[in-house]
Amino acid sequence: QVQLVESGGGAVQPGGSLRLSCAAAGNIVSINAMGWYRQAPGIERELVAMVTTFGMANYADSVKGRFTISRDNAKNTVYLQMNSLKPEDTAVYYCNARGVRSAGSWYSELWGQGTLVTVSS
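Here is what the cut-offs are and how they apply
Residues numbered from 1 in each chain as written. Predicted model: local features only at pLDDT ≥ 70, side-chain atom pairs only at ≥ 80, totals over all residues. Heavy atoms only, no water. Helix = DSSP H or I, 4+ residues; strand = E, 2+ residues; numbered from the N terminus. Rg over C-alpha atoms; globule rule 2.2 N^0.38 Å. Buried < 20%, exposed > 50% of the residue type's maximum accessible area, 1.4 Å probe, protein only. Disulfide = S-S within 2.5 Å. Salt bridge = Lys/Arg side-chain N within 4 Å of Asp/Glu carboxyl O. Pairing = 2+ DSSP bridges. Axes fitted to C-alpha atoms, helices over the stretch in contact; angles between N-to-C directions. Core = buried A, V, L, I, M, F, W, Y, C linked by side-chain atoms within 4.5 Å.

1. Thoughts on the overall build of the protein
Moving on, step 1. Regarding its fold elements, the protein presents zero helices and 11 strands.
Moving on, step 2. Along the protein, helices (α) and strands (β) appear in the sequence β-β-β-β-β-β-β-β-β-β-β when read from the amino end.
Moving on, step 3. Relative to the globule expectation of 14 Å for 121 residues, the C-alpha radius of gyration of the protein, 14 Å, shows essentially globular dimensions.
Moving on, step 4. With respect to the three principal axes, the spread of C-alpha positions in the protein is 50 × 25 × 20 Å.
Moving on, step 5. Taking all 121 residues of the protein together, the buried fraction comes to 43%.

Have a look at this one:
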């Protein structure tokens, strides 16, 4: 069974930085794309950033220039470096993986458990 394990959330002041990590565990063969969504109270879950196996990334307009997504294919891990954080970035951040092939299984989409990011003075 494949699981996505997130880490790196927490509380930070406006203008600060945080780095999120998400590792896929479970006899992984390949993962087409990995990335992050977020959900704030009362708001639908939204895409933050995604990156493919070949390093092609896309970002939500609200985070362009502030957030950077990267991926270590050998470790099946995706990172989200968040700089110049704003209060409106406060949300639960969810790791997402698409097209996951493991030994004997295929998953079209997987989600992590979520990690809380709070930006407040």
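2. Observations regarding the state of the cysteines
Moving on, step 1. Applying the stated criterion to the full structure yields one disulfide.
Moving on, step 2. Each disulfide pairs two cysteine sulfurs, and for Cys 22 the partner residue is Cys 95, the sulfurs being separated by 2.0 Å. Taking the sign of the S-S torsion, about -85° here, the bridge from Cys 22 to Cys 95 comes out left-handed. With Cys 22 in strand β3 (residues 18-25) and Cys 95 in strand β9 (residues 91-102), the pair connects residues that are 73 residues apart, well separated along the chain.
Moving on, step 3. The exposure class assigned to Cys 22 is buried, which follows from its relative accessible area of 0%.

3. Brief notes about the pattern of salt bridges
Moving on, step 1. Overall, the coordinates contain five salt bridges when judged by the stated rule.
Moving on, step 2. The salt bridge partner of Glu 46 is Arg 38, with a shortest N-O separation of 2.7 Å.
Moving on, step 3. One salt bridge connects Glu 109 with Arg 98, and the closest N-O pair in it is separated by 3.9 Å. Taken together, the residues Glu 109 in strand β10 (residues 105-111) and Arg 98 in strand β9 connect sequence positions 11 residues apart.
Moving on, step 4. The network of salt bridges with shared partners includes Arg 38, Glu 46, Arg 66 and Asp 89.

4. Observations concerning the sheet that holds β3
Sheet strands pair by backbone hydrogen bonding; their relative direction is either parallel or antiparallel.
Moving on, step 1. One open sheet accounts for four strands, arranged β1-β3-β8-β7; its pairing is antiparallel. Pairing within the sheet leaves two strands with one partner each, and these edge strands are β1 (3-7) and β7 (67-72). Averaged over all pairs of adjacent strands, the angle between strand axes in this sheet comes to 15°, irrespective of strand direction.
Moving on, step 2. Two strands pair when backbone bridges link them, and β3 and strand β8 (residues 77-82) are joined in this way by six bridges, in the antiparallel orientation. From the neighbouring strand, Arg 19 faces β8, where its bridge partner is Gln 81.

5. Some thoughts on the nonpolar core
Moving on, step 1. Trp 36, Val 48, Phe 67, Val 78, Leu 80, Met 82 and Tyr 93 are the most contacted members of the largest nonpolar core, which totals 31 residues.
Moving on, step 2. Those elements giving two or more residues to this core turn out to be β3, β4 (28-39), β5 (46-52), β7, β8, β9 and β11 (115-119).
Moving on, step 3. Per-element tally for this core: the top contributor is β9, with five residues.

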